[in-house]
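# Breakdown of the fold
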Amino acid sequence: MSGMTGTKTKGAESRAGRGLRLLRSGAVHLAYLLGLPAALLALWWVLAARSTNFYYPTLDEILAAFAETWFSERIVDDVLPSLGRLAAGYLGAAVIGIGLGVLLGTRPRIRALLEPVLEFFRAVPPPVLIPVLMLVAGIGDTMKIVVIISGALWPVLLNTVEGVRAIDEVLSDTARCYGLTGTARLRRLVLPGASPQIVAGLRQALSISIILMVISEMFASSSGLGFTVVQFQRSFAIPEMWSGILLLGLLGFALSLLFALFESRVLGWYRGLRQSQRGEK
Amino acid sequence: MTGTKAAAPATEYSAGALAVRGVRKVYQGSGRTVEAVRDLTFTVGAGDLACIVGPSGAGKTTLLKCVAGLLAPTSGEVRLGDARVQGPPPGMAVVFQEYGRSLFPWMTVGANVELPLKQKKIGKAERAALVAQALDSVGLQDAPAAYPWQLSGGMQQRVAIARAIAYEPKVLLMDEPFAAVDAQTRAELEDLTRSLWRKLGMTVLFVTHDIDEAVYLGERVLVLSASPTVVMEDIDVDLPAEREQLTTRALPRFAELRAAVYGHVQRAKTFHSAAAAAGAGDRP
Ligand SMILES: Nc1ncnc2c1ncn2[C@@H]1O[C@H](COP(=O)(O)OP(=O)(O)OP(=O)(O)O)[C@@H](O)[C@H]1O
Ligand SMILES: [Mg+2]
């Protein structure tokens, strides 16, 4: 309830007061965000401190290896290519998923026609495609990007279809009455209307993309994070291997933070709407 | 019609003449068919203001959707000017009964009102003026930066009305537009509707539950029967064009018309059961 009045009187609030409150809520947020990871890291450090097991090096060793391994030309040789493939695959999946999803969501006939085929492809685990794709697309970047797309596409596609179908009928009638057709309809009604579901799909697709990026690099590859981790493991460079895993974890964490930022931008209205609905009913 | 209207010359707005001919609408659901509207025939002259009253579930919304070109009638046709309505015609605005769902929640109030004007390719400066003017006339001059979900139900309804009038339509369809506002605002919006109608000379089709409102607002009142629906009565409202909440409602003629419409609406509820009692029972 206080959230409701807060939004209603936001014009009256002084700018400085708002800035201060934002800062404070940001600090609280950060504490929540980093509290548990910090505790877990401390626990790891304590538990591994007296480890003499070759496969479980101490955290100090891992961190030392981390700095040595990754703050070097590996950034350019392995990290950036990985990120490039990840970006290409993820964006490819997003564009194809949203485009196809809008088409299927607005055309029931095409949906009925394609649905069984799509269900089949969705059921195929993408790593299985790697050997096949190696035959068709070689072992270069194309193959890896296609693998990422083939896995990350589905959550985006299916969520977009759902989102487009769930657009309010009254809203869609309103748009028709006022002459919103073609691209205007797409931009002003369909995409924003389906955006809550589309964003949910994009969030799932992000973690799938990271997984597939790593897996695709473990096959017949000569660069990338997945390749490097496997390489370290095979050459018994255990602290380095662990540091690679740590880096992947951090990468996923950073990307999901970035995504949360994007989400709060795009879906600010949706949060407000939900809040006001909960306040009233 | 009443000869007292102050609307613009009829020729200029002849495109706004509405003709509903033999419209029937049957909803085909899964295992359930509903004959919402049986046979509706009436015309509304260009620049006329007709109110439609009828019991809940009579098919008023269905009729309005058919007129708006949002729903294809099962049989019969709707004509606007000399063209058959097959999709939403340009220059027609609709205020929906579910006003809360008809506002774009991702746009501010101002953007909601402005959007149809953008589609009409109106220049930026003129758009801004129209938006400000429309919001002002519904008493929402302070709200353009708010989002619809930050407003109360009645305020949302007024945004939907502002959007329709900023559009300057030739035909305005309103589906129980004042159901969610308080009595004071309601009276103001009724007067606003009439003054806009007289100023812009558009054709207005106004659906309401409220008999008083229908008589006060309309130049004509169409009474629909209960579902399956037909037009039961078509009453000419011969009140002066200049209407005022207190004096008009106090006129003896107002009371007479009100009583007449009330009688028809009462009869509308039992219209079909009376017919069924006479032998033609086709409803369960
Ligand atoms: N999409 C639909 N599918 C099936 N039946 C429908 C549909 N829309 C309306 N109906 C039915 O058609 C009939 C008329 O509905 P409609 O909404 O037109 O009535 P109304 O006169 O506007 O009622 P109210 O005054 O309560 O708004 C009702 O029996 C309703 O159940
Ligand atoms: Mg209705």
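Heads up: the structure comes first, above all this text.
Note that the structure is a prediction, hence the values are computed from the model and not measured. (Residues numbered from 1 in each chain as written. Chains lettered and ligands numbered in written order. Predicted model: local features only at pLDDT ≥ 70, side-chain atom pairs only at ≥ 80, totals over all residues. Heavy atoms only, no water.)

## Examining the interface of chain A and chain B
The partner chain B presents 26 residues to the 24 residues of chain A that form the contact. For the chain A and chain B pair, buried surface summed over both sides reaches about 2400 Å², with 64% attributable to carbon and sulfur atoms. The salt bridge involving R101 of chain B is made with D168 of chain A; its shortest N-O contact spans 2.7 Å. Counting across the interface, chain A meets chain B through 5 residue pairs in polar contact (both at pLDDT 80 or more). Of all the secondary-structure elements, those providing two or more residues to the side of chain A that touches chain B are α1 (2-8), α8 (169-177), α9 (182-218) and α12 (268-280) of chain A. Broken down by element, the residue count for the side of chain A that touches chain B peaks at 8 residues, all from α8 of chain A. For the side of chain A that touches chain B, the per-class residue count stands at 11 nonpolar, 6 polar and 7 charged. (Contact = heavy atoms within 4.5 Å. Buried area = accessible area lost by both parts, 1.4 Å probe. Salt bridge = Lys/Arg side-chain N within 4 Å of Asp/Glu carboxyl O. Polar contact = N/O pair within 3.5 Å; in protein donor to acceptor, adjacent residues only side chain to side chain. Helix = DSSP H or I, 4+ residues; strand = E, 2+ residues; numbered from the N terminus. Nonpolar A, V, L, I, M, F, W, Y, C, P; charged D, E, K, R; others polar.)

## Looking at the site of ligand 1
All names here are of chain B. Taken together, 14 residues form the shell around ligand 1, and within it S56, G57, K60, T61 and T62 come nearest. T62 places a side-chain nitrogen or oxygen 2.5 Å from an oxygen atom of ligand 1. Within the side chain of E176, one N or O atom sits 3.1 Å away from an oxygen atom of ligand 1. Starting from 630 Å² of accessible surface for ligand 1 in isolation, the protein chains cover 65%. Mapped by element, the contributors of at least two residues to the shell around ligand 1 are β2 (33-44) and α1 (60-67). When residues in the shell around ligand 1 are grouped by element, the largest group, 3 residues, is from α1. Taken together, the residues of the shell around ligand 1 break down into 4 nonpolar, 7 polar and 3 charged. (Near = heavy atom within 4 Å. Areas by Shrake-Rupley, 256 points an atom, 1.4 Å probe, with all protein chains shown as cover.)

## Considerations on the coordination of the magnesium ion (ligand 2)
All names here are of chain B. The protein atoms that coordinate the magnesium ion (ligand 2) are T61 (OG1) and Q97 (OE1), at distances spanning 1.9 to 2.2 Å. In this pair, T61 is assigned in helix α1 and Q97 in the loop between β6 (92-95) and α2 (109-119), connecting sequence segments 36 residues apart. By relative accessible area, which is 24% here, T61 ends up partly exposed. Residue class for Q97 comes out partly exposed when judged on its relative accessible area of 30%. (Donors = N, O, S within 2.8 Å, 3.2 Å for Na, K, Ca; no water. Buried < 20%, exposed > 50% of the residue type's maximum accessible area, 1.4 Å probe, protein only.)

Honestly, that's just the spatial picture; any functional story needs more than this.
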